[in-house]
Structures are given as C-alpha cells and as structure tokens.
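# Report on the structure
Chain residues, written in single-letter form:
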Amino acid sequence: MTQSFLGRPTVAAALTLALHASPSFADSPDSWPVSYRTTEIGEVSIAYREAGPADAPVMLLLHGFPSSSHMFRDLIPEIAGSYRVIAPDYPGFGQSAAPAAEHYDYDFATLAETMNAFVEDLGLSEYMLYMQDYGGPVGMRLAVAHPERVSGLVFQNATVHVDGWSPEVVARFTPFWTDRTAETEAPVRGFLAPETTRWQYAQGSTRSGRLSPDAWVSDQAGLDRPGNDAVQLEYLWNYRDNVASYPAWQAYLAREQPPTLIAWGANDPFFTMEAVTGLQALMPDAETRIFDAGHFALETHAPEIGAAIRDAFDH
C-alpha cells in the first residue's frame, strides 16, 4: 500500500481501494448523470433529458399536464442503471419551443406525430413507454402506429377508459368539449391557475413532507408564459379526441398484450381506480402496484415506482 509521511494511505490510494471495494459503483445512479439536450423536429425545438447506458433498453418517459420532463427528475436516477432513459418536453411545455397556434396544431394527433418524429430522429427502434396523464394518449398513439417498437408499457395514472374518469372532472369538461364558447371555456381556464396547479400535486398525497414546491412552481412558470394559455386551452379542448380513440387503444392492448406495469396513485382526483380495473381486464398478466398517492405519484413514491419497474421488467 502506498503510504503518506504519516503512515496513512494517500488520498489516491484510498479512493482506489474504495472503488475496488464497491463493485456496484459503476451501476449506481451517480454514474449516469442526466444530460439536457435539444433536437429540431421540423420547425419545433424539442428539449429532452437523457441518462443511462447508450446500449441499454430504452424507456421513453411521457409526461402529463401541466408538467414536463421535470416530473421525472426523481425517477430517472432510480432506473438509469438499467435503461437508457429519454424524457422529452412536449411543444408548449418545459424547455421545448411553443410556436404560435397558427404555426403548430396543438392537438394530440399532431403531438404524437411530433413525438414519433422525435424517436426516429434519435434512431430509437425499440422502447418501453412510461405514460402519465397526457402521456397516455401520446404513448398509445405511438404504440398503435408502431406496435413492433414497443417492448413494454407503464401506466401511471393514465386512463384508456371513459369509466376511469372522475365524474366531477367530466362535468367541468363536457360543456367545453360539446360547445366551445367563452362561457364553457371559463371553468377550464381554472386549470391554468396557480392554486389549481398546486392542488393537482397536493390532492390525495399522503406524504406532504415529500412534496417539493419546485414541482408546481416549475409548472406554473410554464403556464404563465405569454401566450401559453392559448396553447394549453387547445390541448385541453382537443383532449376529446382521446376519448373517442379509447376503443381503438383498448383493442390494441387486448390484441398485443405487451408486458405491462400499472403503477397507480390510488387517490388521484382525475382518474379513478376503475381505470386500473379496466386495464387489468384487458391485460390479465399486467403487474399492478397501487400506491397511497395522488395524481403525481412520482413526487412522493419515486423510489417505490422505480423498484416496481425493475421488478417488473429487469428479469
């Protein structure tokens, strides 16, 4: 052993010993730092986070409203040792561009086309899809369009059933979806307010000490950008197209039976436990983990959800 003049190991020697004594160091989360990148998809700049080995199976993390890839900040270190993790921000969210509505159609069909072009731009020929909230309609469109690329699915508070919706939420949206006017739009605009953004994170959460204000502050900063209210209202209005697509998505799941994990916050104010039973009926072999959490279960249960992913798919 190399000795210092005090008869103790030098710093270099001590670090070498420590590394050799910890064979799992290379697989630890710290060995896969997150990179923040952008790529041009058509005329839209898409920002994304990436971590993990370049040759590992790909997991595409698809975020919900009103968040961004920021919602996966705690999950990424949990799974980056097993996956090449890629988490994009949608147009109008996070650090991606938000072109004016006359230059980009803010509907879910167009969004899915953009995300499909994104994965092709990155050369991704196979991937798992992690879907939360808006991630559900985006991911299901990707899966139906290219079933050969899908190696597995994670549903985290994202429904493909009408019965999976909270009746109270449906009551607020139905008039808007049926006849879009300034009057029917007013209740929906409430989803862009700071108090509602915070409520989406806090409602149903049982671990208040783990709720980071960074989550809703980051989301609200995006919502408050000039002109972003028009972007978000377009997405919210076009969500009705997703409901109309539920039968096709159900048929895909029943036919293809992809390996699936249902990781669910049981106290979600938007999507009910009927959404879980509906998925289980379509895919009897799906693994299900229910957490005492709300809509944004990752805020309080990222380690547990990360462990569920590893248990479900790493064998």
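Preceding this paragraph is the structure being described.
A brief look at the structure comes next. Bear in mind that the values here come from a model prediction, so they are computed numbers and not experimental data. (Residues numbered from 1 in each chain as written. Predicted model: local features only at pLDDT ≥ 70, side-chain atom pairs only at ≥ 80, totals over all residues. Heavy atoms only, no water.)

## Regarding the pattern of salt bridges
- Under the defined criterion, the tally for this structure stands at 14 salt bridges.
- Here Glu299 ties to Arg73 by a salt bridge, and the two come within 2.8 Å at their closest N and O atoms. Taken together, the residues span a long stretch of sequence, with Glu299 in helix α12 (residues 298–313) and Arg73 in the loop between β3 (58–62) and α2 (76–79) at a distance of 226 residues.
- Glu120 serves as the salt-bridge partner of Arg149, at 2.7 Å between the closest nitrogen and oxygen. Taken together, the residues Arg149 in the loop between α4 (135–145) and β6 (150–155) and Glu120 in helix α3 (residues 108–121) connect sequence positions 29 residues apart.
- For Glu120, a relative accessible area of 44% puts it in the partly exposed group.
- Connected through shared salt-bridge partners, Arg180, Glu185, Arg189, Asp229 and Glu234 make up one network. (Salt bridge = Lys/Arg side-chain N within 4 Å of Asp/Glu carboxyl O. Helix = DSSP H or I, 4+ residues; strand = E, 2+ residues; numbered from the N terminus. Buried < 20%, exposed > 50% of the residue type's maximum accessible area, 1.4 Å probe, protein only.)

## Quick word on the sheet that holds strand β7 (residues 260–265)
- Reading across from one edge, β1-β2-β4-β3-β5-β6-β7-β8 is the order of the eight strands in this open sheet, with mixed pairing throughout. Edge positions in the sheet fall to β1 (35–41) and β8 (287–291), since each has one partner strand and no second. The mean angle between the axes of side-by-side strands here comes to 20°, regardless of whether they run parallel or antiparallel.
- With four bridges joining them, β3 and strand β5 (residues 127–131) adopt parallel strand pairing. Opposite Leu61, over in β5, you have Tyr130 as the bridge partner.
- Contacting β1, β2 (44–51), β3, β4 (84–88) and β5, α3 runs over the sheet at an angle of about 115° to β1. (Pairing = 2+ DSSP bridges. Axes fitted to C-alpha atoms, helices over the stretch in contact; angles between N-to-C directions. Contact = heavy atoms within 4.5 Å.)

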